[in-house]
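# Topology and contacts: notes
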Amino acid sequence: MAYRKIRIVKGDITKIKADAIVNAANSSLLGGGGVDGAIHRAGGPDILNDCRAIVARQGGCKTGNAVITTAGRLPAKHVIHTVGPVWNGGDNNEVTLLANCYRHSLELASRHHLATIAFPNISTGIYHFPKELAASIAMNTIVTYLEEHSDIEEVILVCYDDENLRYTEQYYNQHI
Ligand code: AR6
């Protein structure tokens, strides 16, 4: 059953040993603050080198899309960089774009035969997406994907702050 493959933890995603961890990047792919800064700091320069090669090839990453790189020195094997939407009131396709981030990251994991993937709460920091709504979009998109694809064995939702942890656990307990 799909929901049994989901684990919710509190902590720092750079410490997670999974086939892939997901980065909440920006479309330049050249680093930033928040979880993006933490991943590049802990993972070292190899991640940025891969990002630069992707930028040279395809000119960055559009909102809702995802790309994959090495994880450098991190315990994970790969980093999947996705670009969440900036919250701008909700009438600018933010919900669909956030769902696309989760779906495209999972599709990329499948394409690379990666069985375990860890997500942060994409867009809920610097991009100001409301956390409760983001938790429902994340969970629904992940469950739908897991129901349709059996290759992914585990999805770990890594919540860094208490509010995201509370909304994520609450949504899981009430709806899944
Ligand atoms: N592990 C897990 N989650 C974390 C960590 C960590 N080490 N650090 C922060 N978070 P944010 P966004 C959580 O701002 O809103 C960057 O500058 C944090 O508590 O990292 O998608 C990019 O380059 C929050 O819940 O990403 C973009 O420009 C969540 O990660 C922009 O920020 C997302 O917060 C992206 O903004």
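Report follows, based on the coordinates. (Residues numbered from 1 in each chain as written. Predicted model: local features only at pLDDT ≥ 70, side-chain atom pairs only at ≥ 80, totals over all residues. Heavy atoms only, no water.)

## Notes on the packing of helix α1 (residues 34–43) against helix α2 (residues 45–58)
Note the following rule: For every element, the axis is a line fit to its C-alpha atoms; helices are fit only across the contacting stretch, and the angle between N-to-C directions ranges from 0 to 180 degrees. In this description a helix means any DSSP run of H or I spanning at least four residues, a strand means any run of E spanning at least two, and both kinds are numbered starting from the N terminus. The contact definition used throughout considers only heavy atoms, calling two residues in contact when any of these lie within 4.5 Å. Put simply, Ala, Val, Leu, Ile, Met, Phe, Trp, Tyr, Cys and Pro go in the nonpolar bin, Asp, Glu, Lys and Arg in the charged bin, and everything else, Gly too, in the polar bin.
Viewed as axis vectors pointing N to C, α1 and α2 meet at an angle of 115°, and their least axial separation amounts to 6 Å. Taken together, the residues of α2 that come into contact with α1 (itself represented by Ile39, His40 and Gly43) are Pro45, Ile47, Leu48 and Cys51. Residue composition of the contact of α1 with α2, by class: five nonpolar, two polar and no charged.

## Comments concerning the site of the ligand
Using the following cut-off: Note on definitions. A residue lies near a molecule or strand when any single heavy atom of the residue is within 4 Å of it. Distance and chemistry together define a polar contact, namely a pair of N or O atoms within 3.5 Å, with one atom able to donate a hydrogen and the other to accept it when in protein, and with adjacent residues in sequence counting only for side-chain atoms on both sides. For the accessible areas, the method is Shrake-Rupley and the probe is 1.4 Å, while residue cover comes only from the protein chains on display.
Contacts to the ligand come from 22 residues, most closely from Asn26, Gly33, Val35, Asp36 and Thr124. Between the ligand and the protein, one listed contact pairs an oxygen atom with a side-chain N or O atom of Thr124 at 2.7 Å. Between the ligand and Asp161, the relevant distance is 3.1 Å, taken from an oxygen atom to a side-chain nitrogen or oxygen of the residue. Contact with the protein chains hides 91% of the accessible area of the ligand, taken as 700 Å² for the molecule alone. Every element with two or more residues in the shell around the ligand is listed here: β2 (20–25) and α1. Element by element, the count of residues in the shell around the ligand is highest for α1, at four residues. Classifying every residue of the shell around the ligand by side-chain character gives eight nonpolar, 11 polar and three charged.

## Quick look at helix α3 (residues 94–111)
Put simply, the rule reads: In a helix, the anticipated span is given by 1.5 Å times the number of residues less one. Summary of the burial criterion: residues with accessible area below 20% of their type's maximum are buried, those above 50% are exposed, and those between are partly exposed, where the area comes from a 1.4 Å probe applied to protein chains only.
Under the 1.5 Å per step criterion, the end-to-end length of α3 is 26 Å for 18 residues, consistent within 8% with the ideal 26 Å. When we look at burial in α3, the residues that qualify are Glu94, Leu97, Leu98, Ala99, Asn100, Cys101, Tyr102, Ser105, Leu106, Leu108, Ala109 and Ser110. Those residues of α3 that are buried are in contact with β2, β3 (66–70), β4 (78–83), β5 (116–119), α4 (131–148) and β6 (154–159).

## Points about the packing of α3 against α4
Stated formally: In a left-handed crossing the near helix is turned counterclockwise from the far helix by less than a right angle, and in a right-handed crossing that turn is clockwise.
Contact geometry for α3 and α4: axes closest at 9 Å, N-to-C directions at 35°. Pair α3 / α4 crosses with right-handed handedness. Residues Val95, Leu98, Ala99, Tyr102, Arg103, Leu106, Glu107 and Ser110 of α3 form the contact with α4, whose participating residues are Leu133, Ala134, Ile137, Ala138, Thr141, Ile142 and Tyr145. By residue class, the composition of the contact of α3 with α4 is 11 nonpolar, two polar and two charged.

## Observations concerning the pairing of β4
Short version of the rule: At least two bridges found by DSSP between two strands is the condition for calling them paired.
The buried fraction of β4 is high, at five of six residues. Here β2 runs beside β4; their pairing, made up of six bridges, is parallel. The partner of Ala20 across the bridge, within β4, is His78. The pairing of β3 with β4 spans five bridges and is classified as antiparallel. Across the sheet, Val67 pairs through a bridge with His81, a residue of β4.

Remember, this is a structural readout, not a statement about activity or role.
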